[in-house]
2 protein chains.
Amino acid sequence: VARRLGSRNPRLARLRHLSRRRRRRVEDGAFVIEGPTLVLEALESGITLEEVFVASDVLAGDAASVRAVEAVRAAGVPRWDVDAGVLATAVDVVTPRPIVAVARIPEGSAPLHEADLVLVLDAIADPGNAGTLVRLAEASGVGVVAFGGDAVDPYGPKCVRASAGSVFRVPVAQGPTARLLDQLRAAGHQVWLTEASGATVYDQVDFTGPTAFVLGNEAHGVPDQLRAHATGSVSLPMEGHVESLNVAVAGSILCFEAARQRRAARAGRGEPDGLVG
Amino acid sequence: VARRLGSRNPRLARLRHLSRRRRRRVEDGAFVIEGPTLVLEALESGITLEEVFVASDVLAGDAASVRAVEAVRAAGVPRWDVDAGVLATAVDVVTPRPIVAVARIPEGSAPLHEADLVLVLDAIADPGNAGTLVRLAEASGVGVVAFGGDAVDPYGPKCVRASAGSVFRVPVAQGPTARLLDQLRAAGHQVWLTEASGATVYDQVDFTGPTAFVLGNEAHGVPDQLRAHATGSVSLPMEGHVESLNVAVAGSILCFEAARQRRAARAGRGEPDGLVG
């Protein structure tokens, strides 16, 4: 059933481009998913797989990849066989796994106004941070993660990997940050910029209503131009000589504080807490 | 004033060993600090510098290193000049900077019982995670970070770097984890293991008294043997399909929840909040 592709096959050239170039991902509306765990998570999350590439010469030694290959076969996804060495040149990782998929980027922007808790990443530059933030967004009940114009690509391989599959499940919006914030405020959200010099300590704010947190670039923080588009700014109080926290750490603290307040409010109203795990 | 060292000089061999081998750091009671920012932070934090190595052939092009060299000169620290290419072979970083110091590891273990909030790292394997945790420990007012027996070396170069200098200021204890927990409980601390399946949701526990949080290995979590040495276990409730959080993210949420509760308790007693920033 599977045809073996040579190293110059155009499908492999496309895989290489999709793995390395954001522009190609945007043009094709497709992205790359590496390894059996992520491929299975994508299938289970309803992500459409266009095709998979299998390093059949090393497949038998990787039980998880064998299971993933069986699952994509059952799902009717076209499969191409390649040599492991050839597949390795097409992907991003240091230790390539025997299965790589090309998947469709979900179409349309996630409806910001329907999400009760939104995380806005403005100009986040490190894909590992972005992926970690998508993961903790899912864990804390964030409904949409909005990637501002200058942020990394949510569908780049490093972000997909750091999200450990959460990017398949958490709706993602993209657009110029100021416009995203205006949409949120028009929908009734309180929009809070996160800054070391923020006017209000984060735990003094009621996050139980529709809320959005805005995290800025790792080196430069949130730009001044966004102030006019926000409700205000919150700070994380820091002791000792620490002047800033890793952006994923700051995001965790805010999103889990919002989740904590919402659990407390539900408990106060006598509602079930709806927790998983 | 500075003597130029050849590539086979025994001082450089020692620098290389201190950078790469935990055993040598323990034997010598010394560790390596790379780059001007960390060297200056160490000086300002009262860390004793034994000697510095300066790549004088590239120093002039690095204004921050020029300032650090001046500061260590004013502090009377012995200086050795080496070629940049030689210094680069002795250190851990991808992009070496023109100044590297050898520093004394602070002697004696930090007094666990005097710290009102303690973070215990049991078998944390990634030095980047350990350093990030030391940093957020300082930011959230943790008094001692205790490195359990199987955790990475707090004075390894990657941990020092990820801590961004916090390891110079936050007291560090080391020892077998079970013994550290016994010491804490004997001193009256509540000792909470952090687990996905923890019995109590973290925000349902009062952390305003003497408290210790125990974080386990990134892959394997907290081992069962520690249960008998702890007060109990707390969980971070997770929504969606997320089964675990990055250990630095989990540590942030717990330590900042303790800090939040303590601020609220102080405010309730009408005390100043004592916040910096």
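Preceding this paragraph is the structure being described.
Residues numbered from 1 in each chain as written. Chains lettered and ligands numbered in written order. Predicted model: local features only at pLDDT ≥ 70, side-chain atom pairs only at ≥ 80, totals over all residues. Heavy atoms only, no water.

A.B. asks: Whenever I open this one, the nonpolar core confuses me. Can you help?
C.D. replies: Taken as a class, soluble globular proteins show a tendency for nonpolar side chains to be buried jointly. Among the nonpolar cores identified, the biggest contains 121 residues, and Ile33(A) and Ile33(B) are the most heavily contacted of them. Contacts of Ile33(B), omitting those with residues within four sequence positions, involve Leu38(B), Val39(B), Ala42(B), Ile47(B), Leu49(B), Ile99(B), Val100(B), Ala101(B), Ala103(B) and Phe168(B). (Core = buried A, V, L, I, M, F, W, Y, C linked by side-chain atoms within 4.5 Å. Buried < 20%, exposed > 50% of the residue type's maximum accessible area, 1.4 Å probe, protein only. Contact = heavy atoms within 4.5 Å.)

A.B. asks: Could you clarify how one ought to interpret the sheet that holds strand E12 (residues 232-235) of chain A in this entry?
C.D. replies: Backbone-to-backbone hydrogen bonds pair the strands of a sheet. The strands run either parallel or antiparallel. Residue and element names in this part refer to chain A. Strand order in the open sheet formed by seven strands is E8-E7-E6-E11-E9-E12-E10, with parallel pairing between adjacent strands. Edge positions in the sheet fall to strand E8 (172-175) and strand E10 (200-201), since each of these pairs with one other strand and no more. Looking at chain direction, strand E6 (residues 117-121) and strand E7 (residues 144-148) are connected through four bridges and run parallel. The residue of E7 that forms the bridge with Leu121 is Phe147. Those strands touched by helix H10 (residues 247-268) are E6, strand E9 (190-194), strand E11 (211-215) and E12, and its axis lies near 170 degrees from that of E11. (Pairing = 2+ DSSP bridges. Helix = DSSP H or I, 4+ residues; strand = E, 2+ residues; numbered from the N terminus. Axes fitted to C-alpha atoms, helices over the stretch in contact; angles between N-to-C directions.)

A.B. asks: How do you make sense of the side chain of Ser65(B) when you look at a structure like this?
C.D. replies: Residues and elements named next belong to chain B. With respect to the secondary-structure elements, Ser65 resides in helix H5 (residues 63-74). Owing to a relative accessible area of 0%, Ser65 belongs among the buried residues under this scheme. Once residues lying within four places of it in the same chain are set aside, the contact partners of Ser65 are Pro36, Leu59, Arg97, Pro98 and Ile99.

A.B. asks: Just checking my understanding: could you explain the environment of Thr95(B) for this structure?
C.D. replies: Checked against the element boundaries, Thr95(B) lands in the loop between helix H6 (84-90) and strand E5 (99-104). Through-space distance from the C-alpha of Thr95(B) to that of Gly35(B) is 9.9 Å; in sequence the pair is 60 residues apart.

A.B. asks: Please clarify how the packing of helix H3 (residues 36-44) of chain A against helix H5 (residues 63-74) of chain A should be interpreted in this entry.
C.D. replies: Axes are the key here: two packed helices are described by the angle between their axes and the distance separating the axes. Residue and element names in this part refer to chain A. Two numbers describe how H3 lies on H5: the axes approach to 9 Å, and their chain directions differ by 30 degrees. If you check the angle between H3 and H5, you find them roughly parallel. In this structure, the crossing between H3 and H5 has a hand that is left-handed. Where H3 abuts H5, its residues Pro36, Val39, Leu40 and Leu43 lie against Ala64, Ser65, Ala68, Ala71 and Val72. Looking at the contact of H3 with H5 residue by residue, the classes come out as eight nonpolar, one polar and no charged. (Parallel < 35°, antiparallel > 145°, perpendicular 65-115°, else oblique. Left-handed = near helix turned anticlockwise from the far one by under 90°. Nonpolar A, V, L, I, M, F, W, Y, C, P; charged D, E, K, R; others polar.)

A.B. asks: Would you explain unusual backbone geometry in this entry?
C.D. replies: What you tend to see is this: most non-glycine residues have negative phi, and most peptide bonds are trans. All names here are of chain A. Notably, Ala123 is not glycine yet its phi reads approximately 60 degrees, a positive angle. Structurally, Ala123 can be placed in the loop between E6 and helix H7 (127-140). Given a relative accessible area of 14%, Ala123 falls into the buried group. In the Ramachandran plot, Ala164 falls in the positive-phi region, its phi being about 50 degrees despite a non-glycine side chain. Position of Ala164 among the secondary structure elements: in the loop between helix H8 (157-162) and E8.

A.B. asks: Quick question: what am I supposed to make of the pattern of salt bridges here?
C.D. replies: Pairing is possible between side chains that carry opposite charge, provided their charged atoms lie close to one another. On inspection of all chains with the given rule, the structure shows 40 salt bridges over all chains. Sharing partners across several salt bridges, the network here consists of Arg11(A), Arg14(A), Arg24(A), Asp28(A), Glu50(A), Glu51(A) and Arg104(A). (Salt bridge = Lys/Arg side-chain N within 4 Å of Asp/Glu carboxyl O.)

A.B. asks: Help me understand the relation of the copies chain A and chain B in this model?
C.D. replies: Between the two copies of the chain lies a relationship made up of a rotation around an axis and a movement along it. With an RMSD of 0.0 Å, the operation that places chain A on chain B is a rotation of 180 degrees combined with a shift of 0.0 Å along the axis. Put plainly, the chains are arranged around a two-fold axis. The share of interface residues of chain A whose copies in chain B are also at the interface is 100%, consistent with both copies meeting through the same surface. (Least-squares fit on C-alpha atoms with pLDDT ≥ 70 in both.)

A.B. asks: What should I look at first to understand the packing of aromatic side chains in this one?
C.D. replies: Aromatic rings in a pair are described by how distant their centres are and how their planes are angled relative to each other. All names here are of chain A. If you walk through the whole model with that rule in mind, you get six aromatic pairs over all chains. When the ring of Phe31 is compared with that of Tyr155, the centres are 4.9 Å apart and the planes differ by 50 degrees; the resulting orientation is tilted. With a gap of 124 residues between them, Phe31 in strand E2 (residues 30-34) and Tyr155 in the loop between E7 and H8 connect regions that are remote in the sequence. Using a relative accessible area of 0% as the deciding quantity, one classes Phe31 as buried. A network of ring pairs unites the aromatic residues Phe31, Tyr155 and Phe168 as a single cluster. (Phe/Tyr/Trp six-rings, centres within 6.5 Å; stacked < 30°, edge-to-face > 60°.)

A.B. asks: Looking at this structure, I do not really get the interface of chain A and chain B. What am I missing?
C.D. replies: Put simply, an interface is often sized by how much accessible area is lost when its parts join up. With 30 residues of chain A in contact, the opposing surface of chain B contributes 30 residues. Between chain A and chain B lies a buried interface of about 2900 Å² when both sides are counted; carbon and sulfur atoms form 58% of it. Joining chain A to chain B, the criterion identifies four salt bridges. Arg260(B) is paired through a salt bridge with Glu257(A); the nearest N and O atoms lie 3.8 Å apart. Put simply, chain A and chain B have eight residue pairs in polar contact (both at pLDDT 80 or more) between them. Of all the elements in the fold, those that place two or more residues in the side of chain A that touches chain B are H7 and H10 of chain A. Its residues assigned to classes, the side of chain A that touches chain B shows 13 nonpolar, eight polar and nine charged. (Buried area = accessible area lost by both parts, 1.4 Å probe. Polar contact = N/O pair within 3.5 Å; in protein donor to acceptor, adjacent residues only side chain to side chain.)

A.B. asks: Just to check I follow, could you spell out the pairing of E11(A) for this structure?
C.D. replies: One face of the sheet, then the other: side chains in a regular strand alternate in exactly this way. All names here are of chain A. A large share of E11 lies buried, amounting to five of its five residues. Judged by which residues are buried, E11 turns out to be covered on both faces: Thr211, Phe213 and Leu215 on one side and Ala212 and Val214 on the other are all buried. Bridge count between E9 and E11: four bridges; the pairing is parallel. Considered in E11, the bridge of Trp192 is made with Phe213.

A.B. asks: Teacher, can you tell me more about helix H10 (residues 247-268) of chain B here?
C.D. replies: In an α-helix there are 3.6 residues to a turn, and that puts residues three or four apart on one side. Residue and element names in this part refer to chain B. Taking 1.5 Å per residue as the helical rise, H10 with its 22 residues ought to reach 32 Å, and the 32 Å between its terminal C-alpha atoms agrees with that figure. The element H10 is largely enclosed, with a buried count of 17 among its 22 residues. If you check the start of H10, you find a side-chain oxygen 2.6 Å away from the backbone N of Ala248, and it comes from Asn246. Phi turns positive one or two residues past the end of H10, at Gly270, with a value near 75 degrees. (Expected span 1.5 Å × (residues − 1).)

On their own, these measurements won't tell you what the molecule is for.
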